[in-house]
Amino acid sequence: MPELPEVEIIKRGLEQKVIGRTIADIEVRAKKLFQGEVSLVYGSKVVSLERKAKMIIINLDNNYSLLLHLKMTGQLIFDERPCDLKTRVAGGHPSKDLRACLPNQFTHVIFRFKGGGILFFNDMRKFGYIKLYKTVEIPDLKVIADLGPDPFDKALTPEYLMSKIVRRPKIKIKQLIMDQTVIAGVGNIYADESLFCARISPLRIAKDVKRTELVKWIDCVREVLNFSLTHGGSSENTYVNVECKKGEMQNFFKVYRQTGAPCPVCGSKIIRTVVGGRGTHYCNACQS
DNA sequence: TGCCCCCTGCAG
DNA sequence: CTGCAGGGGGCA
């Protein structure tokens, strides 16, 4: 579900809530979604958070780190209530905002903090995960080490993209920009929206995309991601922030899931097709 | 490089 | 009922 803006918003929200708090208890309801020995985490304090592509890393003060991926439907919800660590019963009722998120049959992992505060990991489709590693191991994990630059990183240049394209002469531009080893954090929504912004068809063979178009696309992807960040991310489906609030970006989609609707630029109908097994939306008149 | 799959819910 | 869903690993 969440792509770069949504994960970034969750990460920023979590920073405000959990940095400096001590993890007293972890309740793992779905074993599959938590890999590692929970007791290694008990008594450790959260020192910092990082986002890498669509992953969140929670660094602890005992030389361990938690690596989280929300995949399609993961949610991280923070509840300020105090909690009895023996009975695992929270005091009082969740706030009105949280009620829609807490806890439900999709709550698979629950962190309880010393002195109060509960973090819920919900995931309807159970694709997400939390994994415990030694902090020093994180940079060498394949899923981290292989990542391309963040879209806002100055290392993302047309020359860099062209260097990636050379090795894969048949790849379509949309598949290229969704490859996390090329660019970290762009998923289906922002691939479609950024390509529309740059007037590049998602079906174009990447090697046929001109340098000037790549320059435009880099501007566009940054613009689209920033726009989404300022509008709270996309909540077309299950995305909510740590306070269980939806974003508004879905109200501003120009092509994504707008099949049959008029193109906001030229009025012709938005088309849906499939690229790399993913629903792909574009304007055949504006994008070539 | 393309397809299947993990899992569950929802729209048509 | 079928098809679809924003991720991405594993397989041929």
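The structure under discussion appears in the preceding block.
Residues numbered from 1 in each chain as written. Chains lettered and ligands numbered in written order. Predicted model: local features only at pLDDT ≥ 70, side-chain atom pairs only at ≥ 80, totals over all residues. Heavy atoms only, no water.

Participant: Got a minute to help me understand helix H1 (residues 4–18) in this structure?
Facilitator: An α-helix turns once per 3.6 residues; consequently, residues spaced three or four apart project the same way. Its 15 residues give H1 an end-to-end C-alpha distance of 21 Å, which sits within 8% of 21 Å, the value for a rise of 1.5 Å per residue. The buried count for H1 comes to 12 of 15 residues, which makes it a mostly enclosed element. Three or more residues of H1 are buried, namely Leu4, Pro5, Glu6, Val7, Glu8, Ile9, Ile10, Lys11, Gly13, Leu14, Lys17 and Val18. Directly after H1, the chain includes Gly20, whose backbone phi takes a positive value near 90 degrees. (Helix = DSSP H or I, 4+ residues; strand = E, 2+ residues; numbered from the N terminus. Expected span 1.5 Å × (residues − 1). Buried < 20%, exposed > 50% of the residue type's maximum accessible area, 1.4 Å probe, protein only.)

Participant: What am I meant to see in the side chain of Arg81 here?
Facilitator: Within the fold, Arg81 resides in the loop between strand E6 (74–79) and strand E7 (83–84). Classification of Arg81 as buried rests on a relative accessible area of 12%. Engagement of the side chain of Arg81 in a polar contact is seen with the backbone oxygen of Gly92, the distance being 3.1 Å. Setting aside chain neighbours within four positions, we find Arg81 in contact with Ala90, Gly91, Gly92, His93, Pro94, Gly116, Gly117 and Ile118. (Polar contact = N/O pair within 3.5 Å; in protein donor to acceptor, adjacent residues only side chain to side chain. Contact = heavy atoms within 4.5 Å.)

Participant: Please explain the protein's contact with DNA strand B as it appears in this structure.
Facilitator: Close to DNA strand B lie Lys32, Phe106, Met124, Arg125, Lys126, Phe127, Arg168, Ile171 and Gln175, which account for all nearby residues. Protein-adjacent atoms of DNA strand B, using a 4 Å cutoff, are sugar or phosphate at a proportion of 65%. In the model, a base oxygen of DNA strand B is placed 2.8 Å from a nitrogen or oxygen of the Arg125 side chain. Looking at side-chain class alone, the surface near DNA strand B contains 4 nonpolar, 1 polar and 4 charged residues. (Near = heavy atom within 4 Å. Nonpolar A, V, L, I, M, F, W, Y, C, P; charged D, E, K, R; others polar.)

Participant: Is there a simple way to think about the packing of aromatic side chains in this case?
Facilitator: The description of two aromatic rings rests on the distance between their centres and on the angle between their planes. Under the defined criterion, the tally for this structure stands at 3 aromatic pairs. Taken together, a centroid distance of 5.2 Å and an interplanar angle of 80 degrees make the contact between Phe227 and Phe252 edge-to-face. Of the two residues, Phe227 is situated in helix H6 (residues 211–230) and Phe252 in the loop between H6 and strand E12 (270–275); the sequence distance between them amounts to 25 residues. Phe252 sits in the partly exposed class, given a relative accessible area of 35%. In this structure, Lys131 is placed above the aromatic ring of Tyr129, and the distance from its NZ or CZ to the ring centre is 4.3 Å. (Phe/Tyr/Trp six-rings, centres within 6.5 Å; stacked < 30°, edge-to-face > 60°. Lys NZ or Arg CZ within 6 Å of the ring centre and 35° of its normal.)

Participant: What is the right way to look at the sheet that holds E6 in this model?
Facilitator: By definition, the strands of a sheet pair up through backbone hydrogen bonds, in either a parallel or an antiparallel sense. Spatially, 4 strands are ordered E1-E9-E10-E6 in an open sheet, and the strand pairing comes out antiparallel. Since the sheet does not close on itself, it has two edges, and those belong to strand E1 (23–28) and E6, each with one partner. Each adjacent strand pair in this sheet contributes to an overall mean axis angle of 15 degrees, direction not counted. As judged from the 5 bridges shared by strand E9 (residues 107–113) and strand E10 (residues 118–123), these two strands associate in the antiparallel manner. Each bridged residue has a counterpart across the sheet, and for Arg112 the counterpart in E10 is Ile118. (Pairing = 2+ DSSP bridges. Axes fitted to C-alpha atoms, helices over the stretch in contact; angles between N-to-C directions.)

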